[in-house]
Amino acid sequence: MMLVFDIMLMAVIVWIALGSLSPRGVYKSVVMFVVFGLFMALGWVRLGAPDVALAEAAIGAGVTGVILLDAAGHLRQRTPGPIPERHVRRGVAPLPLLASVIVFFVLALLVVNLPAEADGLAPLMTAGAEDSGIKNVVTAVLLDFRGYDTLLEIAVLMLATVAVFSLRDAPDILGRRLAGFAGPLLGSFTRIVTPFMLLIAGHLVWIGSSEPGGAFQAGAVLGAAGILLALSGFASPRWAGRRVVRLSLTVGLLVFIAIALYPLFLGGTLLQYPDETRKTLILAMETWLTLSIGASLVSLFIASASPGPDGGIA
Amino acid sequence: MNHYLVYGLGGALIFSIGVYGMLARPHLLHKVVAANLMGSGVFLILIGLGNRAQGRPDPVPQAMVLTGIVVTVALTALGLAIVKRYYTVTGLTTLDDDPPEADA
């Protein structure tokens, strides 16, 4: 019975994926892509990956959708109306179709030919997670067993933020007001919902060691709260100067590096946390990572967001 | 047919849809969406194959995909920043060598 649901869900996801490349307009594509992310989140739940589902819904559908929508709006500023006819290739292009069919069959062959049962690293990781005191195995993998990946990922996120900052049109993003949607309804909605989003972010970090959640999901919620504030016309507060922004962008990576280096002084190797302080170290790291991931997501959006009609300077 | 196969094959299909979009759609925003679709296809295959374990699913691909989602949003933001800059400078939304006045 569940198999029927899986096949139907997958069919819907594929159909939406096709729609998100529809030549009938960029806005339609973007909206379809957001819907795609939400259905993917459903798929992750079915695959027993609630951590990924949380991240997909908040980052994959939410943040990506917002920056895509903003870009779609930006690209229309000087060319109102639908995409020019010559940019729209209706019908099917034969060569790309051939390429994608070949890619599909190669991938499908590989997937089908793998053994139907493989435990992979699950038993090893579950046992290791019990030893480390981090009950959520995914969090244990992210920050403990595969700490290198996450360390470098945070570095990638920071580098991308720096790159987006250097590509921006406006000289400074601080104190910038974005295109004003700030009606009374959106304003009060934001006022009510923002404290709850902060609460949820804190909750997700705290339970991340035992339940689905953690720095990435919490960072995504924090980032979404920041983007919502920016979109509702709240300018960044006075104390959030250049230095505060830069510090919150980098503090996650810096704390991570410091904690990664700390075992070296105890005679261990990089990222080999001592058993007695493991949980404390990981929680400390996650807290600062959340702040940095949230700050990065907000910056990735605001740094490249189109300014409001008044030039965007608050 | 096992349920990991549904998602594994679906992932392969979505990856190839992304490949098609990347090659066949001239609009740069479509290309960014296509890159995201290719990423999602890879994620589906990874986590789908991690579901072959008896009992609980393999957490390692899940952690990798979690990392991948964050890197993908960084890629998307950087890609879109470049696309917007390109549009500001040239007034074009595609990589075709069209005369710019047709677009401006």
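Details of the structure are given in the entry above.
**Q** Even after reading the chapter, I still don't get the overall build of chain B, so can you show me in this structure?
**A** Looking only at helices and strands, one finds three helices and zero strands in chain B. Reading chain B from its N end, one meets helices and strands in the order α-α-α. Against the compact-globule benchmark of 13 Å for 104 residues, chain B has a radius of gyration of 18 Å, which places it well outside the compact range. Each principal axis of the C-alpha atoms in chain B carries an extent, and together these give about 60 × 25 × 10 Å. Per-residue burial over chain B gives 67% buried out of 104 residues. The contacts in chain B between residues at least 6 apart in sequence include a share of 51% that link residues at least 24 apart. As presented, chain B carries roughly 3400 Å² of accessible surface, and 66% of it is formed by carbon and sulfur atoms.

**Q** Where do I start with the interface of chain B and chain A in this structure?
**A** It is common to report an interface's size as the accessible area lost on association of the parts. At the interface, 76 residues of chain B touch 94 residues of chain A. Looking at the side of chain B facing chain A, the largest losses of area belong to Y7, L66 and K84 of chain B, adding up to 9% of the total buried there. The interface formed by chain B and chain A includes one salt bridge. Inspection of the chain B/chain A interface yields 13 residue pairs in polar contact (both at pLDDT 80 or more). For the side of chain B that touches chain A, the secondary-structure elements that each account for two or more residues are α1 (3–24), α2 (28–50) and α3 (59–90) of chain B. For the side of chain B that touches chain A, the element with the most residues is α3 of chain B, which contributes 23 residues. Within the side of chain B that touches chain A, the residues separate by chemical class into 46 nonpolar, 21 polar and nine charged.

**Q** Looking at this structure, I do not really get the nonpolar core. What am I missing?
**A** Among soluble globular proteins, nonpolar side chains are generally buried collectively. F36, W44 and F256 of chain A together with I14, L29 and L37 of chain B are the most contacted members of the largest nonpolar core, which has 96 residues in total. The element best represented in this core is α3 of chain B, accounting for 13 residues. Among all residues touching L37 of chain B, those that are not within four sequence positions of it are A17, S20, L21, F33 and F36 of chain A together with I14, I17 and G18 of chain B. Membership of the second largest hydrophobic core comes to eight residues, among which are F104 and A108 of chain A together with Y4 and L5 of chain B.

**Q** Would you mind going over the packing of aromatic side chains with me for this structure?
**A** Each pair of aromatic rings is reported with the distance of its centres and the angle of its planes. Residue and element names in this part refer to chain A. Enumeration according to the criterion identifies two aromatic pairs over all chains in this entry. Aromatic pair F33 and F36: ring centres 5.8 Å apart, planes at 25°, arrangement stacked. A residue pair is termed a helical-turn pair when its members lie 3 or 4 positions apart in one helix, as F33 and F36 do in helix α2 (residues 26–46) at three residues. Residues F33 and F36 agree in their burial class; the two are buried. Look at F104 and F105: their rings are 5.4 Å apart centre to centre, the planes differ by 70°, and that puts the pair in the edge-to-face class. Judged by its relative accessible area of 19%, F104 falls in the buried class.

**Q** Whenever I open this one, the layout of surface pockets confuses me. Can you help?
**A** The gaps of empty space that remain are located by a probe, the size of a water molecule, rolled over the atoms. Roughly 310 Å³ of internal volume is contained in the second largest pocket. Taken together, 17 residues line the second largest pocket, and the ones lying closest to its centre are L18, L97 and S100 of chain A together with I17 and Y20 of chain B. Contributing elements (two or more residues each) for the lining of the second largest pocket: α1 (2–19) and α4 (94–113) of chain A together with α1 of chain B. For the lining of the second largest pocket, a count of residues per class yields 11 nonpolar, five polar and one charged.

**Q** Help me understand α1 of chain B, please; the structure alone is not making it clear to me.
**A** It helps to recall that an α-helix has 3.6 residues per turn; residues three or four apart then point in one direction. Between its first and last C-alpha, α1 of chain B extends 31 Å over 22 residues, near the 32 Å set by a 1.5 Å rise per residue. Most of α1 of chain B sits out of view: 17 of its 22 residues are buried.

**Q** So what exactly am I meant to see when it comes to the environment of G25 of chain A here?
**A** Mapped onto the elements of the fold, G25 of chain A is located in the loop between α1 and α2. Spatially, the C-alpha atoms of G25 of chain A and F104 of chain A are 26 Å apart, while their sequence positions differ by 79 residues.

**Q** I tried to follow the side chain of N36 of chain B on my own but got confused; where do I start?
**A** Topologically, N36 of chain B is positioned in helix α2. Under the relative-accessibility criterion, N36 of chain B is labelled buried at 5%. Those residues in contact with N36 of chain B, other than ones at most four positions away along the chain, are F33 and T64 of chain A together with T72 and T76 of chain B.

**Q** Looking at this model, I keep getting lost on empty space enclosed by the protein. Mind explaining?
**A** What the rule picks out here adds up to five cavities of 30 Å³ or more. Estimated volume of the largest cavity: approximately 110 Å³. Residue assignment for the lining of the largest cavity shows that the elements contributing at least two residues are α2 and α3 (50–75) of chain A together with α2 and α3 of chain B. Element by element, the count of residues in the lining of the largest cavity is highest for α3 of chain A, at four residues.

**Q** I would appreciate a short explanation of unusual backbone geometry in the present structure.
**A** Most peptide bonds are trans, and most residues other than glycine sit at a negative phi. Unlike most non-glycine residues, L271 of chain A shows phi in positive territory, near 65°. Using a relative accessible area of 7% as the deciding quantity, one classes L271 of chain A as buried.

Definitions and limits used
- Residues numbered from 1 in each chain as written.
- Chains lettered and ligands numbered in written order.
- Predicted model: local features only at pLDDT ≥ 70, side-chain atom pairs only at ≥ 80, totals over all residues.
- Heavy atoms only, no water.
- Helix = DSSP H or I, 4+ residues; strand = E, 2+ residues; numbered from the N terminus.
- Rg over C-alpha atoms; globule rule 2.2 N^0.38 Å.
- Buried < 20%, exposed > 50% of the residue type's maximum accessible area, 1.4 Å probe, protein only.
- Contact = heavy atoms within 4.5 Å.
- Areas by Shrake-Rupley, 256 points an atom, 1.4 Å probe, with all protein chains shown as cover.
- Buried area = accessible area lost by both parts, 1.4 Å probe.
- Salt bridge = Lys/Arg side-chain N within 4 Å of Asp/Glu carboxyl O.
- Polar contact = N/O pair within 3.5 Å; in protein donor to acceptor, adjacent residues only side chain to side chain.
- Nonpolar A, V, L, I, M, F, W, Y, C, P; charged D, E, K, R; others polar.
- Core = buried A, V, L, I, M, F, W, Y, C linked by side-chain atoms within 4.5 Å.
- Phe/Tyr/Trp six-rings, centres within 6.5 Å; stacked < 30°, edge-to-face > 60°.
- 1 Å grid on protein atoms, 1.4 Å probe; cavity = no way out; pocket = protein on both sides within 12 Å on 5 of 7 lines; lining within 4 Å.
- Points joined across faces, edges and corners; volume = space filled by probe spheres on them.
- Expected span 1.5 Å × (residues − 1).

Note that every value here comes from positions in space, so none of it alone points to a role or purpose.
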